[in-house]
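# Per-entry structural report
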Amino acid sequence: MRLFATLVILGFRRWSTYRLATAAGAFTNTVFGLIKASITVGAIGAAGGTLAGYDALTGATYAWIVQALIAPVNVFNWNELALRIRDGDIAIDLARPLDPQFAYLAGFLGRAAHQFIPRGAPPLLAGALITGLALPSTPLPYLLGLVSITLGISVSFATWWLVNLAAFWLIELRGVLTLNVVAMGILSGLVIPVHWFPDWLATIAGLTPYPSMLQAPADVVMARAEGTAALGILAVQAAWLTGVLLLGRLVFARGARKLVVQGG
Amino acid sequence: MGERLRPYQVLVGSRMRSQTAYRRSFVSDLLGSVSIGLMEFAEVYVVFSNVDVLGELDFAAAVLLFALANVGFSVADLLVGHVDNLPVYLRAGTLDAYLLRPLPVLAQLITSDVSLRRLGRVVVSVVLLVVALPLNDIDWTAAKVALLVLTPLTAAAVFAGLFVCASAVQFWLVEGSEFANAFTYGGAYASGYPASIFSLPMRLLFTFVVPATFTAYLPVLVLLDLPGPAGTPQWLGWCAPLAALAVWTVALLGWRAGLRHYTGTGS
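Time to look at the overall build of chain A. Tallying secondary structure elements over chain A gives 11 helices and 2 strands in all. Counted from the first residue to the last, chain A has its helices and strands arranged as α-α-β-β-α-α-α-α-α-α-α-α-α. Over its C-alpha trace chain A gives a radius of gyration of 19 Å, about what one expects of a compact globule, namely 18 Å for 264 residues. For chain A, the C-alpha atoms occupy an extent of roughly 65 × 40 × 35 Å along the three principal directions. Split into buried and exposed, the 264 residues of chain A put 51% on the buried side. Long-range pairs, those at least 24 residues apart, make up 80% of the contacts in chain A with a sequence separation of at least 6.

Here's what the structure looks like:
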């Protein structure tokens, strides 16, 4: 556990070096938040004031919260592992006296911890000023929300880990990574809340871990789901996390067996 | 003229050969690009599975709007989208190699990495456009036909100009390259939706500062004979070429200033 904490802190410090990049990212997240909130509010207005339980204020809040979570959850890119598999550096990871998946998860969480405030606060602040935010006034949703966000980040890691492992068998991964971004983009609730999906798409989303990454934390933080319903969401997230992590271990073991390192 | 273009033909030809050399990788890249196009469209589809009209546009009109904006953006992305790799060249110092060659740096950069995989998204948007056109009840006149033909071209020019503007800013920002994404990709995102759902300041921003509405929304207003919201009347739809011209003026001036600002690392 101490080791895990150290790795998380190292991940945090690694990312804290890129200050300008963080500011730039936060700015872009905020501008996109503005566009998304407008689309969401516009659609809710067109639907007559409420849409799947969202009114104008909660709809806008959803858009801003998702924008705040994009960076910690790491929606758009994670190919660190794939690059190390491709150039053979993965051999060094295998030689270390700690589990690679465990170590990378720690680094991923450290990165997320760093991005949480500087990338999350600006969109939320802009949201509070421009559209207003509908946030719960009791502490419980925030506490559960923190757990849910951590689970969401971990599910994102587990999925990226699995996708990156394709590098053991394929040389060029860009297409595969893009497919993951696309699936995440549609099914996680990134562009549109999952609750708005037509039935067939909602069914597909429910069969994937993606809604656990953004929709679930947003539901818990906004207290759309409270009490046992919130605990139910956490349980679903934990189940996906366990499942995808285990699958990742299995595939990694198979890949490592196939691994041939040049000049080793 | 032919002699002068010859180096570019060679450059682009070599890029195309290299990208299609690995068939399976190319196909998977192409599919990735198609799926990005579909992902963007999924948002419109989901919104309209809940509502009938958004910002005075029905589903058919919204698809037309989305398709026009995306044809423009995806063509620009295909032709010049890679100029946002400039920070990589700046950091690695490889830009110096471009400076040594007797060709304009911007032209070299644009021809250096045309990404054929982005054709996937172009195809998705063209298909959507072809499907959307007959679904809309358009009162065709010669002028409207001309506008329809011109719109994707001017849209591509506007987005390409925005890419070059964004790239010029990198000479100063380097590490903060994502700032510019707010205007290039943000502009592209905003252009696919009826601007009438935006607040007035935002609509003015995406019309007169980042001319995103000129790429599709304003021309669609003309095509469908809609009056247009406050601040962006319908007749502006005819002014898209002027917007493209303005963006490119800023882009080229900015690029010049940026290149002059650049100093190599002295390797």
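A tally of regular secondary structure across chain B gives 12 helices and 2 strands. The C-alpha atoms of chain B give a radius of gyration of 19 Å, which matches the 18 Å a tight globule of 267 residues would have. Summarising its shape, the C-alpha atoms of chain B cover approximately 60 × 40 × 40 Å along the three principal directions. Across the 267 residues that make up chain B, the buried fraction comes to 47%. In chain B, 79% of the contacts between residues at least 6 apart in sequence involve partners at least 24 apart.

Here we take up the interface of chain B and chain A. Accessible area lost when the parts come together is the quantity often used to give the size of an interface. Contacts between chain B and chain A engage 33 residues on the former and 34 residues on the latter. Contributing elements (two or more residues each) for the side of chain B that touches chain A: helix H2 (23–50), strand S1 (53–54) and helix H9 (178–191) of chain B. At 14 residues, H2 of chain B tops the list of elements feeding residues into the side of chain B that touches chain A.

Residues and elements named next belong to chain B. Counting through the fold element by element, Leu78 comes out in helix H3 (residues 59–80). Take Leu78: there are 21 C-beta atoms within 10 Å of it, and that puts it in the buried class. In this view, Leu78 contacts Val114, Ser115, Arg118, Leu119 and Val122; residues no more than four positions away in its chain are not counted.

Residue and element names in this part refer to chain B. Where H2 meets H3, the axes come as close as 11 Å, and the angle between the chain directions of the two elements is 160°. The angle between the axes of H2 and H3 places the two elements in the roughly antiparallel class. Here H2 and H3 pass one another in a crossing that is right-handed. From H2, Gly37, Glu40, Phe41, Val44 and Phe48 reach across to H3, where they touch Phe59, Ala62, Val63, Phe66 and Asn70. Tallied by class, residues from the contact of H2 with H3 come to 7 nonpolar, 2 polar and 1 charged.

To continue, consider unusual backbone geometry. All names here are of chain A. Even without glycine at this site, Ala52 takes up a positive phi of about 50°. Along the polypeptide, Ala52 turns up in the loop between strand S1 (50–51) and strand S2 (54–55). When the 13 C-beta atoms within 10 Å are taken as the criterion, Ala52 is described as partly exposed. Its identity is not glycine, yet Asn74 carries a phi of approximately 60°, on the positive side.

Turning our attention to helix H1 (residues 2–15) of chain A. All names here are of chain A. The end-to-end C-alpha distance of H1, which contains 14 residues, comes to 20 Å, matching closely the 20 Å that a straight helix rising 1.5 Å per residue would cover. Within H1 the residues assigned to the buried category are Leu7, Val8, Gly11 and Trp15. Down the axis of H1, the sector holding all buried residues measures 105°, keeping them to one side. Across H1 from its buried face, at more than 90 degrees, point the exposed residues Arg2, Leu3, Ala5, Thr6 and Arg13. The inward-facing, buried residues of H1 contact helix H6 (100–130).

This part is about the confidence of the model for chain B. For chain B, per-residue confidence averages 89 on the pLDDT scale, and 99% of positions sit at 70 or higher. At the level of individual helices and strands, chain B shows its lowest average pLDDT in helix H1 (residues 2–21) of chain B, which scores 81, and its highest in H3 of chain B, which scores 94.

All right, on to the nonpolar core then. Residues and elements named next belong to chain B. In terms of nonpolar packing, the biggest core is built from 161 residues, with Leu65, Phe159, Val164 and Val220 touching the most fellow members. Among the elements that take part in this core, H3 stands out by supplying 15 residues, more than any other. The contact partners of Val220, leaving out residues within four places of it in the chain, are Ala61, Leu64, Leu65 and Leu68.

The next subject is helix H4 (residues 80–87) of chain A. One full turn of an α-helix is made of 3.6 residues, so residues set three or four places apart face in the same direction. Residue and element names in this part refer to chain A. Taken residue by residue, H4 has Leu81, Ala82 and Ile85 as its buried positions. Down the axis of H4, the buried set is contained in an arc of 100°. They therefore lie on one face. For H4, the secondary structure elements touched by its buried residues are helix H5 (90–95), H6 and helix H7 (140–164). Phi for Gly88, located one or two positions after H4, is positive at around 90°.

Running from N to C, helix H2 (residues 19–46) of chain A and H9 of chain B point in directions that differ by 20°, and their axes come no closer than 8 Å. Our classification of the angle between H2 of chain A and H9 of chain B gives roughly parallel. The chirality of how H2 of chain A crosses H9 of chain B is right-handed. Each of Ala21, Ala24, Gly25, Phe27, Thr28, Val31, Phe32 and Ile35 of chain A in H2 of chain A lies in contact with H9 of chain B, whose residues at this interface are Glu178, Phe179, Asn181, Ala182, Gly186, Tyr189 and Ala190 of chain B. Among the residues forming the contact of H2 of chain A with H9 of chain B, the class breakdown is 10 nonpolar, 4 polar and 1 charged.

Cut-offs used in this document
- Residues numbered from 1 in each chain as written.
- Chains lettered and ligands numbered in written order.
- Predicted model: local features only at pLDDT ≥ 70, side-chain atom pairs only at ≥ 80, totals over all residues.
- Helix = DSSP H or I, 4+ residues; strand = E, 2+ residues; numbered from the N terminus.
- Rg over C-alpha atoms; globule rule 2.2 N^0.38 Å.
- Buried ≥ 20, exposed ≤ 12 C-beta atoms within 10 Å, placed from the backbone.
- Contact = placed C-beta atoms within 7 Å.
- Axes fitted to C-alpha atoms, helices over the stretch in contact; angles between N-to-C directions.
- Parallel < 35°, antiparallel > 145°, perpendicular 65-115°, else oblique.
- Left-handed = near helix turned anticlockwise from the far one by under 90°.
- Nonpolar A, V, L, I, M, F, W, Y, C, P; charged D, E, K, R; others polar.
- Expected span 1.5 Å × (residues − 1).
- Arc of directions from axis to C-beta.
- pLDDT = per-residue confidence, 0-100.
- Core = buried A, V, L, I, M, F, W, Y, C linked by C-beta atoms within 7 Å.

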